[in-house]
Structure formats: C-alpha cells, structure tokens
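Below, each chain spelled out in residue letters.
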Amino acid sequence: MPFNPKWGKTARRSKHKRLADVYDAAADVIVERGHAINYLEDSLGRVCLWGAISQVVDGNPLAGSNKSRNMLMRLIRFTRGVDPVEWNNKEWRTQKQVVNMLRHAAKSMRLSA
C-alpha cells in the first residue's frame, strides 16, 4: 500500500484547527454570557471555562461530557500546569483572563498545526 508522509500531518492540522475553533467559540460564549466561578452555569446564565467548552461541544453548558473534559484538560499548558477547573475557580479570576487564555490557546493551536 502506498504511503504519504503528509497524511499524519494533515490529520494533526485538522485536529488542532478544530480545537482552536472550539476554544475561540468558548471565548465567544463567555463574552456573550459572562464568566462564572464554581458553577458550570450559574443562576444568571454565566458559564465557567468548562461550561463554555461544553456549550460549544455538547450544546449544553451542564453536559460536561468526556469529550469536553478532554478538550478542557488540553488547556493545562496554558494555565501553567494548574488544572483548568481550579485555574478558572480562583476567586480573583476575571472574565478577561479566561477569554485571553482561550484566545491565546486557539492561536497557539493554529500556529502548531
């Protein structure tokens, strides 16, 4: 069977682009709905980092599927080795910090694709 060394790179590029799109969309969700701490979605409709990713991936911020959790955990390198849920839930964490981290992660994923 013929082999093309570019095949693996194409799959990796596609995966990184999809992750980047999810992170950008999650940032948009937080900008639109507001940022929550300690709740996937609070009573005002604001969402945390995982809730925003779940909204994009699962269509519901409360779903918290394994797929959205895996995408969330890939952010650990952008949260300086801290679990992204713990990073989000610091009482002093701002919406701007969360959105900026997601935008930076999306940009980094696109550059590494």
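See above for the structure.
### Notes on helix H3 (residues 66–73)
Argument step 1. For H3, every residue scored as buried is listed here: Ser68, Met71 and Leu72. The buried residues of H3 occupy an angular sector of 105° when projected down its axis, which confines them to one face. Seen from the buried face of H3, the exposed residues on the opposite side, beyond 90 degrees, are Asn66, Lys67 and Asn70.

### Examining the packing of aromatic side chains
Argument step 1. This structure, assessed with the given rule, holds zero aromatic pairs.
Argument step 2. Just above the ring of Trp50 sits the side chain of Arg69; from NZ or CZ to the centre is 5.1 Å.
Argument step 3. The ring of Trp87 has Arg93 sitting right over it, with the charged end atom 3.9 Å from the ring centre.

### As for the environment of Trp50
Argument step 1. Relative to the helices and strands, Trp50 is located in helix H2 (residues 49–58).
Argument step 2. The exposure class assigned to Trp50 is buried, which follows from its relative accessible area of 19%.
Argument step 3. Each C-alpha atom, one on Trp50 and one on Leu40, is 6.4 Å from the other, the two residues being ten residues apart in sequence.
Argument step 4. With residues up to four places along the chain from it excluded, the contact list for Trp50 reads Leu40, Gly64, Ser65, Ser68, Arg69, Leu72 and Val85.

Each value, and the rule that gives it
Residues numbered from 1 in each chain as written. Predicted model: local features only at pLDDT ≥ 70, side-chain atom pairs only at ≥ 80, totals over all residues. Heavy atoms only, no water. Buried < 20%, exposed > 50% of the residue type's maximum accessible area, 1.4 Å probe, protein only. Helix = DSSP H or I, 4+ residues; strand = E, 2+ residues; numbered from the N terminus. Arc of directions from axis to C-beta. Phe/Tyr/Trp six-rings, centres within 6.5 Å; stacked < 30°, edge-to-face > 60°. Lys NZ or Arg CZ within 6 Å of the ring centre and 35° of its normal. Contact = heavy atoms within 4.5 Å.

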